[in-house]
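Inside the fold
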Amino acid sequence: MQARTAGFWPLALVFGLFVLFMYGPMLTIFTLSFQGPEGGLTFPMRGWSLHWFRQLAEGLGTVDIAAALRRSLMLGVVVMLLTVVLSVLAGLAFRKRLAGGNALFYVAVASLIMPSIIVSLGIGLQFRLLDTGIKAALASMGAEGALENYGTALGLLTSALGAHLTWTLPFGLLIMFAVFNRFNPAYEEAARDLGASPWQSFRHVVLPLIGASVVGIGMFGFTLSWDEIARTSQAIGDVNTLPLELQGLTSTVTTPAIYALGTVTTVISFLVIGAALGGAAWLRRRTSRQRG
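Numbering of residues starts from 1 in every chain and runs along the sequence as written. Thresholds applied to this predicted model are a pLDDT of at least 70 for local features of residues and 80 or more for the giving and counting of side-chain atom pairs; totals over whole chains, interfaces and linings are not thresholded and use all residues. Hydrogen atoms and water are omitted, and side-chain values are computed over all heavy atoms in the structure.

With that out of the way, let us pick up the overall build of the protein chain. Runs of H or I in DSSP of at least four residues are treated as helices and runs of E of at least two as strands, each being numbered from the N terminus. Helix and strand content of the protein chain: twelve helices and zero strands. The linear arrangement of helices and strands in the protein chain, starting from the amino end, is α-α-α-α-α-α-α-α-α-α-α-α. Structurally, the protein chain occupies a C-alpha span of about 85 × 70 × 35 Å along its principal axes. Looking at the protein chain alone, contacts between residues at least 24 apart form 72% of all its contacts between residues at least 6 apart. In what follows, residue pairs with any heavy atoms lying within 4.5 Å of each other are defined as contacts.

Glancing now at a positive patch on the surface. Surface patches are defined over residues having more than 30% relative accessible area and no salt bridge, joining like charges when they lie within 9 Å and nonpolar side chains (Val, Leu, Ile, Met, Phe, Trp, Tyr) when within 5 Å. Calculation of accessible area relied on Shrake-Rupley with a 1.4 Å probe; when residues are assessed, cover is drawn exclusively from the protein chains displayed. For this analysis, a salt bridge means a side-chain nitrogen from Lys or Arg found within 4 Å of a carboxyl oxygen belonging to Asp or Glu. Charged residues are defined narrowly, with Lys and Arg counted positive, Asp and Glu counted negative, and His plus the chain ends left uncounted. By convention, the point assigned to a charge is CZ for Arg, NZ for Lys, CD for Glu and CG for Asp. On the surface, a cluster of positive charge is made up of Arg 284, Arg 285, Arg 286 and Arg 289. Summarising the element assignment, Arg 286 is placed in helix H12 (residues 257-291).

Relative to the elements of secondary structure, Ala 275 occurs in helix H12. Partly exposed residues are those whose accessible area sits between 20% and 50% of the maximum for their type, while under 20% is buried and over 50% is exposed, using a 1.4 Å probe and protein chains only. For Ala 275, a relative accessible area of 52% corresponds to the exposed category.

A few words on the packing of aromatic side chains. Stacked, tilted and edge-to-face are the three classes applied to pairs of Phe, Tyr and Trp rings, where Trp contributes its six-membered ring and a pair requires centres within 6.5 Å; stacked means planes under 30 degrees apart, edge-to-face means over 60, and tilted covers the rest. Counted under the stated rule, the structure contains ten aromatic pairs. Grouping aromatic residues by their ring pairs yields a cluster made of Phe 94, Phe 105, Tyr 106 and Phe 177.

Time to look at the nonpolar core. Grouping buried Ala, Val, Leu, Ile, Met, Phe, Trp, Tyr and Cys residues that are joined through side-chain atoms within 4.5 Å yields what is termed a nonpolar core. Counting 20 residues, the largest nonpolar core has Leu 56, Leu 60, Ile 65, Leu 242, Leu 249 and Leu 261 as its most contacted members. Only helix H2 (51-58), helix H3 (65-93), helix H9 (198-226), helix H11 (242-249) and H12 provide two or more residues apiece to this core. Counting residues per element, this core draws most heavily on H12, which supplies seven residues. Not counting residues within four places of it along the chain, the set of residues in contact with Leu 261 comprises Leu 56, Ile 65, Leu 242, Leu 246 and Leu 249. In this structure, Val 84, Val 88, Phe 183 and Val 214 belong to the second largest nonpolar core, which totals eleven residues.

The next thing to look at is the packing of H3 against H11. When two helices pack together, their arrangement is given by the angle between the helix axes and the distance between those axes. Here H3 crosses H11 at 140°, and the two axes come no closer than 8 Å. For the element pair H3 / H11, the angle class is oblique. Across from Ile 65, Ala 68, Leu 69, Arg 71 and Ser 72 in H3, the residues of H11 making contact are Leu 242, Pro 243, Glu 245 and Leu 249. Each residue gets one of three labels, nonpolar for Ala, Val, Leu, Ile, Met, Phe, Trp, Tyr, Cys and Pro, charged for Asp, Glu, Lys and Arg, and polar for the others, Gly among them. Tallied by class, the residues present in the contact of H3 with H11 amount to six nonpolar, one polar and two charged. Orientation is described by axes fitted as lines to C-alpha atoms, over the contacting stretch for helices, and by angles from 0 to 180 degrees between their N-to-C directions. The scheme is simple: roughly parallel for angles under 35 degrees, roughly antiparallel for over 145, roughly perpendicular for 65 to 115, oblique for anything else.

The next subject is unusual backbone geometry. Apart from glycine, the bulk of residues carry a negative phi angle, and the bulk of peptide bonds sit in the trans form. Between Phe 43 and Pro 44 the backbone carries a cis peptide bond, its omega angle lying at 5°. Inspection of the secondary structure puts Pro 44 in the loop between helix H1 (8-32) and H2.

Another point: a nonpolar patch on the surface. A cluster of nonpolar residues, Phe 15, Phe 18, Val 19, Phe 21, Met 22, Tyr 23 and Leu 27, forms a patch on the protein surface that exposes about 780 Å² of accessible area. Its relative accessible area of 65% is what places Phe 21 among the exposed residues.

Before going further, it helps to examine the environment of Ser 33. The topology assignment puts Ser 33 in the loop between H1 and H2. We classify Ser 33 as buried; its relative accessible area is 0%. For the pair formed by Ser 33 and Arg 71, sequence separation is 38 residues and the distance between their alpha carbons is 24 Å. Dropping the residues within four chain positions of it, Ser 33 is found in contact with Trp 52, Phe 53, Pro 256, Tyr 259, Ala 260 and Thr 263. Pairs of N or O atoms are called polar contacts if they sit within 3.5 Å, as long as, within protein, a hydrogen donor faces a hydrogen acceptor (for residues adjacent in sequence, only side-chain-to-side-chain pairs). Separated by 3.1 Å, the side chains of Ser 33 and Thr 263 make a polar contact.

By definition here, a helix of n residues has an expected span of 1.5 Å times n minus one. Taking 1.5 Å per residue, 29 residues should reach 42 Å; H9 reaches only 35 Å between its end C-alpha atoms and comes up short. Two axes define the bend at a residue: one fitted to the seven residues ending there, one fitted to the seven starting there, and the bend is the angle between them. The sharpest bend along H9 reaches about 60° and sits at Gly 211.

Another point: the packing of H3 against helix H7 (residues 159-181). As a packed pair, H3 and H7 sit with axes 8 Å apart at the nearest point and diverge in direction by 40°. Our classification of the angle between H3 and H7 gives oblique. Judged by the twist between their axes, the crossing of H3 over H7 is right-handed. Packed against H3, whose contacting residues are Leu 75, Val 78, Val 79, Leu 82, Thr 83, Leu 86, Ser 87, Val 88, Ala 90, Gly 91 and Leu 92, the element H7 presents Ala 160, Leu 161, His 164, Leu 165, Thr 168, Leu 169, Gly 172, Leu 173, Met 176, Phe 177 and Phe 180 at the interface. Grouping the constituent residues of the contact of H3 with H7 by class yields 16 nonpolar, six polar and no charged. If you view the pair so one helix is near and one far, a crossing is left-handed when the near helix is turned anticlockwise from the far one by less than a right angle, and right-handed when it is turned clockwise.

The subject of this paragraph is the side chain of His 164. As for its placement among the helices and strands, His 164 is situated in helix H7. Residue His 164 is classed as buried on the basis of its relative accessible area, which comes to 2%. For His 164, the residues in contact, after removing those within four places along its chain, are Leu 75, Val 79, Ser 225, Glu 228 and Thr 232.

Now the structure itself:
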């Protein structure tokens, strides 16, 4: 067994403190969420039970947690699918030299350096201007019934979806560009020589080779959307996602039920990450068997 060097233990201590700093608050919330009915927001613990999870299932006052959870899940899934599809298509397109491709790339990733709240305000303002234009058009056409029934274009799958894509798409694009930058086109050329169509070449050659990266992009898309607050706050209209409800509850809920909600949301994130890692491992094994 190789002997430890003199610098191993100080570095190990620093790493241990870093892990504690990163995951200590999460473990604290997990622990406090399992307190008994008399439990509070701080230690010491007062019993162990699932009381606060049951209270969470029954509802927290006027806040509809179940509806907010469904909205966040639906938005996260849609963002994940669009991020994967658009990132893969962009990666395929940028394999060829495009006129203005560099400018297009910088425009696509520029939102990463812009403050999230500014992006949210800008999208919200844009959709409010769209509302004004639509209402003016309906009034000019004399469509009084449609005008009375029209609310706003701001919504979960319109403005909020666009706001989330400004956050998830740059990550997906950067991953795809890195993957295709080291992709060997000889595999596709061999498939074409054997008579494969462009779609067959992509489905049976390219997609299995980039499958693990595609799963990773999907994981990024969902998890980044799942806990996004700043880009959602001004762009979602009159409904809330689960993170926004959780943020609002921090000033009104003074029981461990808020910790129980945090535990549930974190567990869902871990389940998505676990599913993504499992899917990536399955794709690697499948590709290895096909090569063998």
